[in-house]
Amino acid sequence: MPRDNEQTGEFTPKILAFCCNWCTYAGADLAGLNRMNYPADVKVLRVPCSGRVNPQYVLKALQSGCDGVLVCGCHPGDCHYSTGNYYAKRRMMIFKRMVEFAGLSPERFQIRWISGSEAGKFRDTVVEVSEQIRALGPMENDAPSRAAIDAVAGTVASPEADEELFAAAKEAI
Amino acid sequence: MSRIGVFVCHCGTNIAGTVDVEAVADAARQMPNVAYAGTNKYMCSAQGQDYIVDIIKEHNLDRVVIASCSPRMHERLFRKVLAEKTDLNPYLLEVANIREQCSWVHKDKQIGTPKAINLVAMAVAKADCDTQLFTHEIPVTKRALIIGGGIAGIQAALDIADAGFPVTIVERKTTIGGKMPMLDKTFPTLDCSACISTPKMSECEAHPLIEIKTLSEVEKVEGYIGNFDVTIREKAKYIDYDKCTGCGMCETKCPQKKIPSEFNQGMSTRTAVYKPFPQAVPSKPTIDADHCRMLTEGKCGVCAKVCPTGAIDYQDVDRVTTERYGAIVLATGYELIDWTRLYGEYGGGRYADVISGLQFERLVNASGPTEGHILRPSDGTEPKTMVIVKCVGSRDPHKGVPYCSRACCMYGAKHAHQFMDKVPGGKCFVFYMDVRTPGKNYDEFYMNTLHEGARYIRGRISKITRRSDGKLVCLGEDTLSGNVVEVDADMVVLETAMVPPEGAKKLAQTVNTQLGPEGFFTEAHPKLRPVETNTGGLYLAGTAQGPKDIPDTVAQAGAAAAKVIGLLCKQSIESNPMVAHVDDSKCSGCGACVDICPYSAVTLVEKTLRENSRKVTRTVAQVNEGLCQGCGACTVACRPGASDLLGFNDEGIMREVEAYATR
Ligand SMILES: Cc1cc2nc3c(=O)[nH]c(=O)nc-3n(C[C@H](O)[C@H](O)[C@H](O)COP(=O)(O)OP(=O)(O)OC[C@H]3O[C@@H](n4cnc5c(N)ncnc54)[C@H](O)[C@@H]3O)c2cc1C
Ligand code: SF4
Ligand code: SF4
């Protein structure tokens, strides 16, 4: 796929959105049902719950060509899978702090809570994130972000180092 | 190497209008492992299904990707096609959502087509990692639980019990019935509300298959569809219902007589040992522990002395029981918004003659505090001029709620009619934002009220003040004429917004389901699954799902009952095979998954495993497939990568990510 719009030469970002089946994915479907319009830069990957999103997936996406990643789920407390997933969501927040601490531009990895009835919020989020990433430019030109992801990916590969980093990040918050 | 078939649906012009489906099929043919790609006008139609089946056989396909509408729409259908008409395991299927999330949100093919190709590439990558999954049979406990005993809960209980299944109604008040027996007459037919609701209440009480637990709430729900273990707390009533005959002797002798009656909306009083109204069900009294002298001060004991059967028991305690049910219906109804806190401009509750619609219902009711005479609460005189204000709290996002409460336009017209009927020569002004009367014979009813002389004024009342002569000066604007309007009223009725009952949020967490932004329970699909929730075995009835009137409430209760009966008729149901699975050889027994699972589905067990051709006994995690709901939280917590989620396995998601990132 061409990275730039052939006519305008404009950069079209590649953004991956992990959406939980029960809330955000349903919200995205509702946006379609209401024929809302939004940029095609974001592609949705359906997961049963935002708690299913392994940090590895986020790293993989940003390492292998995506310019931004969104993790979307239900509002804390409204999770289809009951309150237990607070923990999973908290872990994702910690991971976000960790990669930001390592130097990733915060816009490139965002966590948003969008319910199944918030079609407008889904559209607005896609528009907003897509604009932010367009302003940042491609990941391949963003050396600090790339270095951050590589560094974190390196540590996550070893469970002990990962554990340490997690502990440090938790400490930092 | 797998042989994947890609089936791209036109969905008429729904997809084909903004996605070049042939180009998508062409691109799919170039993707790894794709053995066939083709298009069809309507993939979900019988003819489209046959096409898929034929091609699978002809091309010896072993995986299927359908690029069509949302998987939330037809994934089940396509799985069924595979299961019933082909040799393929139904879980070797992926759906690429190129309608809701592509063709419907993009304007032209230039944008839609490349995105659809990307979505198909992701689905193809994931399909390659799909494995066969198998369901197993879960037994169904043939009993239903109804939470909330309003007309919704009553109707659902009767329908389910009449079909032959035992039902328990859990109601937190002292009687079932909810709001309906409090109403006077019901629109549009004006039949007496108590006359049609109290017989249904008695029918529940007499029904051999219905058990009623009042003063009760659900504390805990464990388990899953077909097998919910429900813990119910039945609060102490201080009366032994096995002995009590409901003679009412205690009520007549109780010296605590000044407690505001909830049933009469505070406009009359009741005793501490009481039945809220004569036809209450159960038809036996309860002692209100907060007001009983014996229970608060330790002296009195009159009721125990007068009770002819010795049923009074001041030592009574709460009873907590846990029982198993196959299905649960949420019928917890609504409450009215507390307007006194929000609308200081209407007096904030300081003027006795500014009352709520529900208070008006009690005032016009023959068994109400005034025996059906419309009299002002302040001085007992008959009001000659009455003002009705609609949409108090409703459609007012700043102070109240943004939504329409749906029944108020109609019962507002009903109140105007009742006032003019009972007060000859009385004048009635109705301040409204819109008049919404969709429903059989509804608009006719409203027209009739107009013909009777009700003056409808379009606009909100901005302020109500009380003059020294007791008149309520209502200041508003007629937005149609642009004039300021001032009405000197004797009484004002506020038709207030329906809001979710207290504790709805907690109950949603207890039963593990969702609330919408307005706080009512969310249905699985607003059109096609209106009485189901996203939690299997959990159904909705009545205003618990959102504001509605009695006809809609009863219809929905019947629909929920039909769903419950459909479930309880089955001997067993198929389990969800998309559950977590632990690879014993990788599991370190750390227990991280045990701690994170919201359903307590994972436990650590001792297992004898074969490792390096030696037998070893180790602690490993084991997933209870009945309890696991497939959220996948445990898989992320697992450091050695032993825990994986079937149907959404790690490899599949990674490949999906890669397919998009590297394309
Ligand atoms: C002033 C007024 C006039 C009306 N007039 C009409 C009319 O003329 N015609 C018409 O069609 N409709 C009318 N309506 C609407 C009508 O009241 C409702 O449609 C109907 O009562 C809804 O029934 P329900 O069973 O859903 O809710 P409810 O009647 O509210 O019953 C819910 C029950 O659940 C119980 N409950 C709540 N939470 C829990 C819990 N956590 N655990 C256990 N139990 C719980 C409550 O105590 C209650 O008994 C009127 C409404 C108002 C306010
Ligand atoms: S997938 Fe979710 S529900 Fe199932 S065992 Fe893991 S954490 Fe528990
Ligand atoms: S988290 Fe993983 S390693 Fe730890 S007990 Fe669970 S499955 Fe085993």
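Residues numbered from 1 in each chain as written. Chains lettered and ligands numbered in written order. Predicted model: local features only at pLDDT ≥ 70, side-chain atom pairs only at ≥ 80, totals over all residues. Heavy atoms only, no water.

### What about the overall build of chain A?
The following threshold applies: To qualify as a helix, a DSSP run of H or I must reach at least 4 residues; to qualify as a strand, a run of E must reach at least 2; elements of each kind are numbered from the N terminus. Two residues qualify as a contact provided that any one of their heavy atoms is within 4.5 Å of a heavy atom in the partner residue. The method behind every accessible area is Shrake-Rupley, applied with a 1.4 Å probe, and residues are considered shielded solely by the protein chains displayed.
Helix and strand counts for chain A come out as six helices and four strands. Secondary structure elements in chain A, listed N-terminal to C-terminal, are β-α-β-α-β-α-β-α-α-α. For chain A, contacts bridging at least 24 residues in sequence account for 77% of all contacts bridging at least 6. Put simply, chain A shows about 6,800 Å² of open surface, and 51% of that area lies on carbon and sulfur atoms.

### Side note on the overall build of chain B
Basically, it comes down to this: Summary of the burial criterion: residues with accessible area below 20% of their type's maximum are buried, those above 50% are exposed, and those between are partly exposed, where the area comes from a 1.4 Å probe applied to protein chains only. For the purpose of charge, His is not counted, nor are the chain termini; Lys and Arg are scored as positive and Asp and Glu as negative. Lys charges are placed at NZ, Arg charges at CZ, Asp charges at CG and Glu charges at CD.
For chain B, the count of helices and strands is 19 helices and 34 strands. With the principal axes as the frame, chain B shows a C-alpha extent of 90 × 65 × 40 Å. The buried share of chain B, reckoned over its 663 residues, is 57%. When the accessible surface of chain B is split by element, carbon and sulfur atoms take 51% of a total near 27,700 Å². Charge separation in chain B, taken as the distance between the mean sites of 76 positive and 79 negative side-chain charges, equals 2 Å.

### Notes on the interface of chain B and chain A
Here is the rule: Buried area: the sum, over both parts, of the accessible surface (1.4 Å probe) that disappears when the two are put together. By definition here, a salt bridge exists when the distance from a side-chain nitrogen of Lys or Arg to a carboxyl oxygen of Asp or Glu is within 4 Å. Under the rule applied, a polar contact is a pair of N or O atoms within 3.5 Å (in protein, one hydrogen donor and one hydrogen acceptor; residues adjacent in sequence only if both atoms are side-chain atoms). Each residue is assigned to one class: nonpolar for Ala, Val, Leu, Ile, Met, Phe, Trp, Tyr, Cys and Pro, charged for Asp, Glu, Lys and Arg, and polar for all the others, Gly among them.
Each partner contributes residues to the interface: chain B has 53 residues there, and chain A has 58 residues. Buried surface at the junction of chain B and chain A, both sides included, amounts to about 4,900 Å², of which 56% is carbon and sulfur. Here chain B is connected to chain A by four salt bridges. Residue Lys 60 of chain A pairs with Glu 658 of chain B through a salt bridge whose shortest N-O separation is 3.7 Å. Where chain B meets chain A, there are 19 residue pairs in polar contact (both at pLDDT 80 or more). Those elements that provide at least two residues to the side of chain B that touches chain A are helix 3 (71-85), helix 4 (99-103), helix 5 (109-129), helix 15 (504-511), helix 18 (633-637), strand 34 (643-645) and helix 19 (650-661) of chain B. No other element matches the eight residues that helix 19 of chain B contributes to the side of chain B that touches chain A. Its residues placed into classes, the side of chain B that touches chain A shows 23 nonpolar, 17 polar and 13 charged.

### Points about the nonpolar core
Applicable threshold: Working definition of a nonpolar core: buried Ala, Val, Leu, Ile, Met, Phe, Trp, Tyr and Cys residues. They are joined through side-chain atoms within 4.5 Å.
One finds Phe 18 and Phe 109 of chain A together with Val 6 of chain B to be the most contacted residues of the largest nonpolar core, which totals 103 residues. Counting residues per element, this core draws most heavily on helix 5 of chain B, at nine residues. Setting aside its immediate chain neighbours within four residues, Phe 109 of chain A contacts Val 58, Val 69, Val 71, Met 92, Phe 95, Lys 96, Val 99, Glu 100 and Leu 104 of chain A.

### Brief notes about the site of ligand 3
Put simply, the rule is: Any residue with a heavy atom lying within 4 Å of a molecule or strand is counted as near it.
Within the structure, ligand 3 sits among Val 582, Cys 587, Ser 588, Gly 589, Cys 590, Gly 591, Ala 592, Cys 593, Ala 621, Cys 638, Pro 640 and Ser 643 of chain B. Of the residues belonging to the shell around ligand 3, the class tally is eight nonpolar, four polar and no charged.

### Examining the environment of Ala 148 of chain A
Residue and element names in this part refer to chain A. Locating Ala 148 in the fold gives a position in helix 5 (residues 143-156). Each C-alpha atom, one on Ala 148 and one on Val 99, is 6.4 Å from the other, the two residues being 49 residues apart in sequence. When sequence neighbours within four positions are dropped, the list of residues in contact with Ala 148 reads Val 99, Ala 102, Gly 103 and Leu 104.

### Section: the site of ligand 1
Residues and elements named next belong to chain B. Here is the rule: In this document the domain limits rely on a domain assignment from an automatic tool or a database.
Near ligand 1 you find 35 residues, and of these Glu 171, Lys 179, Tyr 334, Lys 414 and Thr 543 are the closest. Side-chain polar atom of Glu 171 to an oxygen atom of ligand 1: 2.6 Å apart, as the coordinates give it. For ligand 1, an oxygen atom lies 2.7 Å from a polar atom in the side chain of Lys 414. Calculation on ligand 1 without its partners gives an accessible area of 1,000 Å², and the protein chains cover 98% of this total. Only helix 6 (151-162), strand 8 (185-186), helix 12 (357-364), helix 13 (408-422) and helix 16 (550-568) provide two or more residues apiece to the shell around ligand 1. Broken down by class, the residue content of the shell around ligand 1 amounts to 14 nonpolar, eleven polar and ten charged. Here the shell around ligand 1 gathers at least three residues from each of two domains, domain 2 (137-235 + 318-334 + 505-572) and domain 4 (336-499).

### Looking at the pattern of salt bridges
Scanning the model with the defined rule gives 48 salt bridges over all chains in all. A salt bridge links Asp 124 of chain A to Arg 123 of chain A; the nearest nitrogen and oxygen atoms lie 3.1 Å apart. The salt bridge partner of Arg 529 of chain B is Glu 532 of chain B, with a shortest N-O separation of 3.4 Å. What makes Arg 529 of chain B partly exposed here is its relative accessible area of 26%. Residue classification places Glu 532 of chain B among the buried positions, given a relative accessible area of 15%. Beyond isolated ion pairs, a larger network of salt bridges with shared partners links Glu 211, Lys 213, Glu 234 and Lys 237 of chain B.

### Description of the sheet that holds strand 6 (residues 144-147) of chain B
Residues and elements named next belong to chain B. Cut-off, in case you're wondering: Strands are treated as partners if at least two bridges between them are detected by DSSP. Axis definition: a line fit to C-alpha positions, over the contact stretch in the case of helices; interaxial angles, taken between N-to-C directions, run 0 to 180 degrees.
Here we have five strands laid out as an open sheet, ordered 10-7-6-18-29, and parallel in their pairing. Strands with a single pairing partner mark the edges of an open sheet, and in this sheet they are strand 10 (210-213) and strand 29 (538-540). Between one strand axis and the next, the sheet turns through 20 degrees on average, direction left out of account. Of the strand pairs in this sheet, strand 6 and strand 18 (residues 327-330) are connected by four bridges, and their pairing is parallel. What sits directly across from Ile 146, in strand 18, is Val 329. Each of strand 6, strand 7 (167-170) and strand 10 touches helix 6; the most contacted strand, strand 6, lies at about 170 degrees to it.

### Side note on the environment of Ser 378 of chain B
Residues and elements named next belong to chain B. For Ser 378, the position within the fold is in the loop between helix 12 and strand 21 (385-392). A sequence separation of 113 residues divides Ser 378 from Gln 265, and the C-alpha atoms of the two residues are 15 Å apart. Dropping the residues within four chain positions of it, Ser 378 is found in contact with Ala 352 and Asp 353. Side-chain polar atoms of Ser 378 contact the side chain of Asp 353, separated by 2.6 Å.

### Brief notes about the domain arrangement of chain B
Domain boundaries assigned for chain B yield domain 1 (4-129), domain 2 (137-235 + 318-334 + 505-572), domain 3 (237-316), domain 4 (336-499) and domain 5 (580-646). In this structure, domain 1 of chain B and domain 5 of chain B have C-alpha centres spaced 34 Å apart.

### Quick notes on the side chain of Glu 361 of chain B
Tracing the backbone shows Glu 361 of chain B in helix 12. The exposure class of Glu 361 of chain B is buried, given its relative accessible area of 2%.

### Thoughts on the sheet that holds strand 17 (residues 319-325) of chain B
All names here are of chain B. Spatially, three strands are ordered 11-12-17 in an open sheet, and the strand pairing comes out antiparallel. Of all the strands in the sheet, the pair left with one neighbour each is strand 11 (216-224) and strand 17. Going across the sheet, the axis of each strand differs from the next one's by a mean of 20 degrees, ignoring polarity. Pairing of strand 12 (residues 227-234) with strand 17 involves seven bridges; the strand directions are antiparallel. Bridge pairing in strand 17 places Asp 229 opposite Arg 324.

### Section: the state of the cysteines
Residue and element names in this part refer to chain B. Counted only if it meets this: The criterion for a disulfide is a pair of cysteine sulfur atoms lying within 2.5 Å.
What the rule picks out here adds up to one disulfide over all chains. Disulfide partner of Cys 192: Cys 195, at an S-S distance of 2.1 Å. On the sign convention where negative is left-handed, the bridge of Cys 192 and Cys 195, at about 85 degrees about the S-S bond, is right-handed.

### Focus: helix 6 of chain B
Residue and element names in this part refer to chain B. Test applied: To estimate the expected span of a helix, count its residues, drop one, and scale the result by 1.5 Å.
For helix 6, with twelve residues, the first-to-last C-alpha span of 16 Å sits near the 16 Å given by 1.5 Å per residue. Most of helix 6 is tucked away: ten of the twelve residues are buried. Against strand 6, strand 7, helix 7 (193-206), strand 10 and helix 16 lie the buried residues of helix 6. Following helix 6 by one or two positions, Gly 164 adopts a phi angle in the positive range, close to 105 degrees.

### Observations concerning the packing of helix 2 (residues 55-63) of chain A against helix 19 of chain B
Worth spelling out the cut-off: Throughout, the term roughly parallel applies to angles under 35 degrees, roughly antiparallel to angles over 145, roughly perpendicular to angles from 65 to 115, and oblique to all others. In this scheme the handedness of a crossing depends on how the near helix is turned from the far one: anticlockwise by less than a right angle means left-handed, clockwise means right-handed.
Running from N to C, helix 2 of chain A and helix 19 of chain B cross one another at 20 degrees; their axes reach a closest spacing of 9 Å. Of the possible angle classes, the one that applies to helix 2 of chain A and helix 19 of chain B is roughly parallel. Crossing hand, helix 2 of chain A versus helix 19 of chain B: right-handed. Here helix 2 of chain A contributes Gln 56, Tyr 57, Lys 60 and Ala 61 of chain A to the contact with helix 19 of chain B, which in turn contributes Asp 650, Ile 653, Met 654, Val 657, Glu 658 and Ala 661 of chain B.

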